[in-house]
Amino acid sequence: MPTIRDLVSALRRRDGVDAAIVLGRDGLLIDGNSASPLDPDGLAAFVPPMALAAADLGVAAQRGDFGIMVLEYAEGHAVVTALSHDAFLLILLQPTANLGALLYELRRHRTQISALV
């Protein structure tokens with residue numbers, strides 16, 4: 001059976017992925033791999049406040065549970081997805097990465113990925 005480390009490694013090997021980080025709801029790193037000079041521990045700390053705000057928005061807007069959040073920046077994208085009630089996955093992508101394919105794969109394999117946590 002694959003592990004969280006296998007998931008992080010597989011995501012990091014995708015073209016255009018600069019970081020793949022699994023973190024707890026408290027912002028502490030569970031596992032991660034990133035291109036230098038990115039700091040997985042430091043990046044993990046930023047995710048929970050944004051993801052929890054997105055979850056609250058979903059409740060207020062009657063849209064259900066939080067699934068995936070995509071943030072666009074001048075130098076690429078950040079994708080955050082809920083793996084479980086207690087864990088998130090952050091993926092940082094270069095502008096040339098295939099964002100659509102990644103989102104499709106994350107949604108398609110959500111159950112299997114969540115089982116790793």
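A brief report on the enclosed structure follows. Every value quoted in this text rests on a predicted model; they were computed, and no experiment measured them. Counting starts from 1 at the beginning of each chain's written sequence and moves along it residue by residue. For a predicted model such as this one, the threshold for reporting local features is a pLDDT of at least 70, and the threshold for listing and counting side-chain atom pairs is 80 or more; totals across whole chains, interfaces and linings nevertheless cover every residue. The side-chain numbers reported here are obtained from all heavy atoms of the structure, hydrogens and water having been left aside.

## A look at the pairing of strand E4 (residues 76-82)
With a 1.4 Å probe rolled over the protein chains alone, any residue whose accessible area is under 20% of its type maximum counts as buried; one over 50% counts as exposed, and the rest are partly exposed. Counting from the N terminus, the helices are DSSP H or I runs at least four residues long and the strands are E runs at least two residues long. With 7 of 7 residues buried, E4 lies mostly within the body of the structure. Going residue by residue along E4, you find Gly76, Ala78, Val80 and Ala82 tucked away on one face and His77, Val79 and Thr81 tucked away on the opposite face as well. Two strands pair under a simple rule: DSSP has to find at least two bridges between them. In the sheet, strand E3 (residues 68-73) pairs with E4 via 6 bridges, with the strands oriented antiparallel. Bridge pairing in E4 places Glu72 opposite His77. Linking two consecutive strands that pair antiparallel, namely E3 and E4, is a turn of 2 residues.

## Structural notes on helix H1 (residues 4-13)
When we look at burial in H1, the residues that qualify are Ile4, Leu7, Val8 and Leu11. Seen along its axis, H1 keeps its buried residues to an arc of 95°; they face one direction. Of the exposed residues in H1, those oriented more than 90 degrees away from the buried face are Arg5 and Arg13. Those residues of H1 that are buried are in contact with strand E1 (17-24), strand E2 (29-34), strand E5 (87-93), helix H3 (99-108) and helix H4 (110-114). By arc we mean the arc of the directions from the helix axis to the C-beta atoms, nothing more. Contacts between residues were defined by any pair of non-hydrogen atoms, one from each residue, lying within 4.5 Å.

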